[in-house]
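Analysis of the macromolecular model
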Amino acid sequence: MKTQILTPAEAEKAAGILKGGGLVGIPTETVYGLGADGMNPMAVGQIFQAKGRPQDNPLILHIWSADWLERYCEDIPDTAYRLAERFWPGPLTMVLRCKKRTPQELEELKNGPVCSCTHFGPRVIPDVVTAGLDTVGMRCPAHPLCRGVIRLAQTPVAAPSGNTSGRPSPTTARHMLEDMEGKIPAILDGGPCTVGVESTIIDLTCDPPRLLRPGGITLEQLREVLGEVAVDPAVTRQMGEGEKPRAPGMKYRHYAPKAPVTAIKGEAAQSAAYILNRLSHTRWDGVICFEEFLPLFAEEEGPILSLGPAGDKGEQARRLFDALRAMDRTDVKRIWAQCPDDGGIGLAVSNRLNKAAGFHIIEL
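Residues numbered from 1 in each chain as written. Predicted model: local features only at pLDDT ≥ 70, side-chain atom pairs only at ≥ 80, totals over all residues. Heavy atoms only, no water.

1. Structural notes on the overall build of the chain
The test is simple: Where helices and strands are cited, they refer to DSSP runs of H or I of at least four residues and of E of at least two residues respectively, numbered from the N terminus. Within these notes, the globule rule equals 2.2 Å times the number of residues to the 0.38 power, and the radius of gyration is based on C-alpha atoms. Each residue is placed in one exposure class: buried if its accessible area under a 1.4 Å probe, protein chains only, is under 20% of its type's maximum, exposed if it is over 50%, and partly exposed if it falls in between. Only heavy atoms matter for contacts: two residues are in contact if any of them lie within 4.5 Å across the pair. Each accessible area value is a Shrake-Rupley result obtained with a 1.4 Å probe; residue values ignore everything except the protein chains displayed when judging cover. Neither His nor the chain ends is counted toward charge; the positive residues are Lys and Arg and the negative residues Asp and Glu. The location of each charge is read from NZ of Lys, CZ of Arg, CG of Asp or CD of Glu.
Along the chain, the regular secondary structure elements total 12 helices and 17 strands. At 21 Å, the chain has a C-alpha radius of gyration in line with the 21 Å of a compact globule built from 364 residues. Structurally, the chain occupies a C-alpha span of about 70 × 50 × 40 Å along its principal axes. The 364 residues of the chain split such that 57% are buried. Considering only intrachain contacts with a sequence separation of at least 6, the fraction spanning at least 24 residues in the chain is 69%. As displayed, the chain offers around 14400 Å² of accessible surface, 52% of which is attributable to carbon and sulfur atoms. In the chain, 41 positive and 44 negative side-chain charges are present, and the distance between their average locations comes to 4 Å.

2. A closer look at helix α1 (residues 11-19)
Here is the rule: This arc is taken over the directions from the axis of the helix to the C-beta atoms.
Taken together, the buried positions of α1 are A11, A14, A15, I17 and L18. Angular distribution of buried residues about the axis of α1 spans 155 degrees; they occupy a single face of the element. Away from its buried face by more than 90 degrees, α1 exposes E12 and K19. Looking at the residues trailing α1, positive phi occurs at G21, about 90 degrees.

3. With respect to the nonpolar core
To keep things clear, this is the line we draw: Only buried residues count toward a nonpolar core, which is a set of Ala, Val, Leu, Ile, Met, Phe, Trp, Tyr and Cys residues joined through side-chain atoms within 4.5 Å.
Among the nonpolar cores identified, the biggest contains 67 residues, and L83, W88, L92, M94, M138, I202 and L222 are the most heavily contacted of them. Not counting chain neighbours up to four residues away, the residues in contact with M94 comprise A80, L83, A84, W88, V136, G137, M138, I202 and L204. In this structure, Y255, I275, F293 and A323 belong to the second largest nonpolar core, which totals 36 residues.

Structure follows, in C-alpha cells:
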C-alpha cells in the first residue's frame, strides 16, 4: 500500500475512507491523529495494529460539537458544558461516563441483522475505544479540516497521535508519513500543528475533577472554571505495572526518540551550564536547548537544536516533537534537553520531556 498525501480540497475523500472503515491521518491543532470511525470496532482495531499500541491504552473520540455529548455519554455534569463553552473547539478532552444501551436496544441488536462492524456490548461506545472502561475521553478539535472531516463523516472519530507507539508525536504530515508510510491509505495535510502537544485531559467523573494529562489548556485555565482541580500522580511519575490508565499517554513510555534522553530542570542558565559540563564533546551527544543558549554550544560536534526562547513556552510546545524527531535523523547516542518549569503550558512540555526520558529527570 502506498500512503497518499491529500490536500485540504480532498477532505471529502478522507471522510469517505473513514466511512468505509479505513484509517486516515488527520490534522488537529495539537498533533496529527490516526483516525478511524469510532463506532466501528473493526476500524478502531486497525489503529492498534498500525501503531503497535497496547490494547489497554484507551482512545479519545473527536466530535463535531458539545451537542453530540448526549448521544454517547450520560450523567454529564454541568461542568462539562461550562468547559465546552470556554474551551471548545480546542485542545481539551473531557473524561465522561459512557452511555449505556437500554434493555430494548440490546434486544433489538441481538435480533437484528448481524454485521461485522456491529458492537453488541452494553455501552454505546465500543469497548475497544475505552479499553473496557465505563468512561470515555471526548474532544471537539479546533482545526477546521479535522472538524470538516468529522462533519462529512457524521461519526465520532477515534484518533490517537499518528505515530508508531512510543515515538515522538507528529506535528506535520511529513512526520506522520515517516511512521505510517505503507500502513494507511492516506494522510490529510493541514499544515503544521499550532499547539504542538496533545490535548489536556480532565476527568469529570470524580470530585474534585482530576487532571490526567497536561496539554494545550493549562491547569491554571482549568482552575479558573472549575475551582479545585487535582493533579494525577501519573503526570509527574511513571505509572506502576498494576495501574490501569484512565486516559491515553498515562502508563507507557511515550514521545521517545531512539537515543536516550536526559531532561534537566532548573534555572535556564544553570541547566545549560550543567549540560555543557557533562557533554562528551563528540558527535554522539545531542542537545535540545533554549534559543538563548545556542552560542554556548557552538563548538560542539553533535547536533544542537533550539527548543525556542526560554520565556516562550508556547513555542517550546510547538518545537518539542520536531526536535526529538530531528535527533532520530542523526547518529547521536545520547540527548540532553533543557526543561521548562511547570507554569502554564510548561507543565505539558515538561510532562512530554519526562516521558521521552523515561522519567530520567535531573532537577537542579
